[in-house]
Every structure is written in C-alpha cells, then in structure tokens.
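Overview (structure and organization)
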Amino acid sequence: MNKLLKLTLLIVLSIKINAQQIITTDIDNFWNAYDSINKMSNEKASTFKKMYLDNGTIGLKDFAKNKDFNETNYVTAFEKYPEFWKSIRKNTLVSSEQIQKTKKALKEFRKLYPNESKGNIYYTIGALRSGGMPNGEDLIVGLEKVVGDKTTNTSEFENKTLQNMFQFSNPSLLGFVSVHEFIHTFQKGSEVNVLAKAVKEGSADFIAELALKEKYNSHYLDYGFKNYDLVRNQFKNQLFSQNFQNWFYNSETNEHPDLGYFVGYAISKNYYANSKNKKQAIKDLIELNYEDEKAVFEVLNQSKYYSEVLNIEELKSNYEKNQPRIVKIIEFENGAQNVDTTLKQIQIVFSKPLNDKVSINFSKNGKDHFPLNKIVGLNADKTILILETVNLQENTLYDFYITNRSTRSLDGYPFIEEEYKIEFKTKE
C-alpha cells in the first residue's frame, strides 16, 4: 500500500472516529437481555449483567457507575414494575427518522455555535435512576425516564413523582430533549439563583428550537405566553431566590409547573432578538458564567424582558426586605438555658404571613434532642407558628431548624435563612 493511500485511509478513519455519533446499541442489548431473563427462574441478575451491562457502551458503563446502579437494580425493577416495562418498550425503540432528525439538528447547532466537540449521544436504558447526564463532551440519555407518554403504565410506582413523570412527556420530542441536553454539555457553572437556572434551561430550549428549525410545544411555554405579565411579575419577586422548587420540577405541587423554563426561554429569545450579532448572542448565552450573579442579571436587562432597566442592588435590597424572618419566640429567648419542663407549646412569630408549608428539620443532634411532638399550625393571621412539644426532660439541650425549603410568605418570598436554628436547654 503506497504512502498516499495510507495517509488517505488514516484521514478518513480519523474523521469517522472524531465525528459525533448517536449510539443506540444499548437499546437492542437491553431488550434481548430482558426477554432472556424473563424465561428464567434462576441466575437472572448474572445473566442480565453478562448480556447487557458487560456488553454495554462506554456511555452505559459510565452511567451505571455515576448513578450507582447494577444488574440487581434492574431485576428488582422488572419484578416490581412489570406493566411499566411492557408499556414503555415501544417508545424506547428509537427510529432511524428520529436519529436522522437529531443528527441534522446537531449539524445545524454547529453552524449556530461553531465548536470542536466530539461528544456522542448514548441512548441507553437505566434502572429508573436517572433520565440521563452530561459526561464530559458526551450526553447519556436514560430512555425509560424520557420517552414515556400518557399511555405508559406508571400505576405500579409507589412514588408520586414517578407516577406523574410522563404527565407532559411525548416520545416525539426525543430529538428536542437530546439537543437541549447536549447544549448543557457546553454550559459551565452551577446556577447561583432562580434567574440563572431559568436562563440556563430556557436558553437550551430556545437554541434547541433554532437548531431543529421548529417550534417547541410544551405545557410551560403554552401557559407562559398566555399569562405573560402574570408570570413575569411573579418571577420578579423571586429571581434572586435559591429555592428552585417554586419554578422547576414542581409538577406535584403546582398546577402549572416548570415555569422557570418559560421565563428563561422568553429572556433568551428576547436577548437574541435584540442583538445585532445573532451568532454572538448564542455564544453569550451558552458561555455565560451561571455562577456570576451580575453577568446573568446583565443578560436579563439587555433582553428587555422587563420594560424598565432593573437595578440589581435596589432589587436585591427590596427582595431581602420582603423575605419573611423570625421576630421572636413567645415562650423564651432563643438560646435560653433555663426553660421549664412544663412547657407544652412553642410559638414562633414571623415578620409577615406565611403559607402553610413551613419546613422543620432535625439538627445534627438528631431525634433525641428534637422537642416537637407535632406542628399545630399557623394562627389566624398566619404570622405565628404554633408547635406542640414532647414531654421535656430536665437539664436537656433541645434544638431544631426552620429551613427555607418550603417556608415562604403568602406573597411568594422565601424564608430569609437557609437554616434558622432554635435551641434551648431545660432547667435542672
């Protein structure tokens, strides 16, 4: 073989190796292993491991290691949720049309945002541990938590989140989900607040829409645009919050969940529309430091999502002033060392009315030092939380935390402290 031919083959091989791929071999391997062990009464786990996990892609192996699942987890899931696996099967068989559509969108994304990524997309089937994860430049998708729809049988799940996980899902959106999540492999930094989370997620939605060249239909975009001013005004009160559950992943508690995605989409779309250099606008959104509060806030202002220019310091100051805080404890001063053991209730006074979901946790001292028997509830004007105590012991330290996990005011502001420790000691 002459040198020129060798060089040509090496170049072709290099291009093939470095080209982005969508790898689906784990899907067939999974269902072959599934069918095989369903005919067996013994050695199911070891057979499944040999046929699926040991024979899996690098993506699957990294997925299992990172999310901590193995062959036993699969076999347990098959036995506990047989109807689920039967009903999800057809949707996991990704068609060539879906793959080609996603590949085309990835090529378009490279035009929108020139990059040298060699990252692959691995379509795998996990053990119901995760819908996927970025893995360096690669993206791993756990199909069994992504491609369900309203026909998927989730009735066997004990967990309400799992029961409702396909409430707004559609397998036809796999390409959109894939491109959205692939964009996240380029984004850096943890989200410092709700605003940063919204822009990070919403920009991935918006750019995926550009790459796919089609409108993304989702429950949160539909509701958000129909209630534009309402959502925008509500978000303004909470954009510095670190309590993400008010705006993301809240289908259990909110009739119109995930509106943070809508806000971020609207901000990103406006930012793009108001930018003269569209390619630079996409670059800005992808390479934004989501840990930099001021940088994210500047994108918000430049987007003109709000008609007025917002002042970050003024807005933060007003936000903090509106956050509920503890004013006092009626029965004793916090940290008191001589509380009477006959105490039957603790009344905590807050600076403004609360909603009914006050979050209380044990301290690191554990249950033995937890003084509460039950939460009685809030008083009529919702400013005093009434707690019933256990039978208090002499000369004992008691403590617990009020946290901001779900504690917020009636007008939507989260509790100002991440954890507020209430502590007292009883008399000897």
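Residues numbered from 1 in each chain as written. Predicted model: local features only at pLDDT ≥ 70, side-chain atom pairs only at ≥ 80, totals over all residues. Heavy atoms only, no water.

1. Focus: the overall build of the protein
Condition: Each helix is a run of DSSP H or I of at least 4 residues and each strand a run of E of at least 2, with the numbering of both proceeding from the N terminus. Exposure is judged per residue with a 1.4 Å probe applied to protein chains only, and the accessible area is read against the type maximum: over 50% gives exposed, under 20% gives buried, and values in between give partly exposed. For this analysis, residues touch if any pair of their heavy atoms sits within 4.5 Å. Shrake-Rupley sampling with a 1.4 Å probe provides the accessible areas, and residues are treated as covered by the protein chains on show and by no other component.
The secondary structure content of the protein amounts to 16 helices and eleven strands. Seen through its principal axes, the protein has C-alpha atoms that stretch 95 × 65 × 45 Å. Here the protein, with 428 residues, has 48% of them falling under the buried criterion. Contacts spanning at least 24 positions in sequence make up 69% of the contacts within the protein whose residues lie at least 6 apart. Only carbon and sulfur atoms are counted for the fraction: they give 47% of the accessible area of the protein, which is about 22,000 Å².

2. Some words on the packing of aromatic side chains
To keep things clear, this is the line we draw: Between rings of Phe, Tyr and Trp, where Trp is taken as its six-membered ring, a pair exists when centres lie within 6.5 Å; planes separated by under 30 degrees are stacked, by over 60 edge-to-face, and by other angles tilted. Here, a charge over a ring is recorded when the distance from Lys NZ or Arg CZ to the ring centre is within 6 Å and its angle to the ring normal is within 35 degrees.
Summed over all chains, the structure comprises 49 aromatic pairs. Pairing phenylalanine 30 with tyrosine 52 gives two aromatic rings, centres 5.3 Å apart and planes at 80°, and the pair type is edge-to-face. Highlighted residues: phenylalanine 30 in helix H2 (residues 25-37) and tyrosine 52 in helix H3 (residues 44-53), separated in sequence by 22 residues. In this structure phenylalanine 30 comes out as buried when scored by relative accessible area, which is 0%. When the ring of phenylalanine 332 is compared with that of phenylalanine 424, the centres are 4.8 Å apart and the planes differ by 50°; the resulting orientation is tilted. In this pair, phenylalanine 332 is assigned in the loop between strand E5 (326-329) and strand E6 (345-350) and phenylalanine 424 in strand E11 (residues 419-425), connecting sequence segments 92 residues apart. For the pair formed by phenylalanine 332 and phenylalanine 424, the shared burial category is buried. Just above the ring of tyrosine 305 sits the side chain of arginine 232; from NZ or CZ to the centre is 5.9 Å. Positioned above the aromatic ring of tyrosine 272, the side-chain terminus of lysine 278 is 5.2 Å from the ring centre.

3. Digging into the pattern of salt bridges
Stated precisely, the cut-off is as follows: We define a salt bridge as a side-chain nitrogen of Lys or Arg found within 4 Å of a carboxyl oxygen belonging to Asp or Glu.
Taken as a whole and judged by the stated rule, the model has 21 salt bridges. Measuring nitrogen to oxygen at the nearest pair gives 2.6 Å for the salt bridge that ties aspartate 229 to arginine 232. Of this pair, aspartate 229 and arginine 232 both sit in helix H12 (residues 228-236), three residues apart, roughly one helical turn. Taking relative accessible area as the criterion, aspartate 229 reaches 44% and is therefore assigned partly exposed. Salt bridges linked by common partners bring Glu191, Lys197, Lys200 and Glu201 together as one network.

4. Points about H12
Cut-off, in case you're wondering: For this quantity, the arc is that covered by the directions from the helix axis to the C-beta atoms.
Considered for burial, the residues of H12 that qualify are Val231, Arg232 and Phe235. The buried residues of H12 occupy an angular sector of 100° when projected down its axis, which confines them to one face. On the buried face of H12, the contacting elements are helix H10 (194-212), helix H11 (219-226) and helix H13 (259-273).

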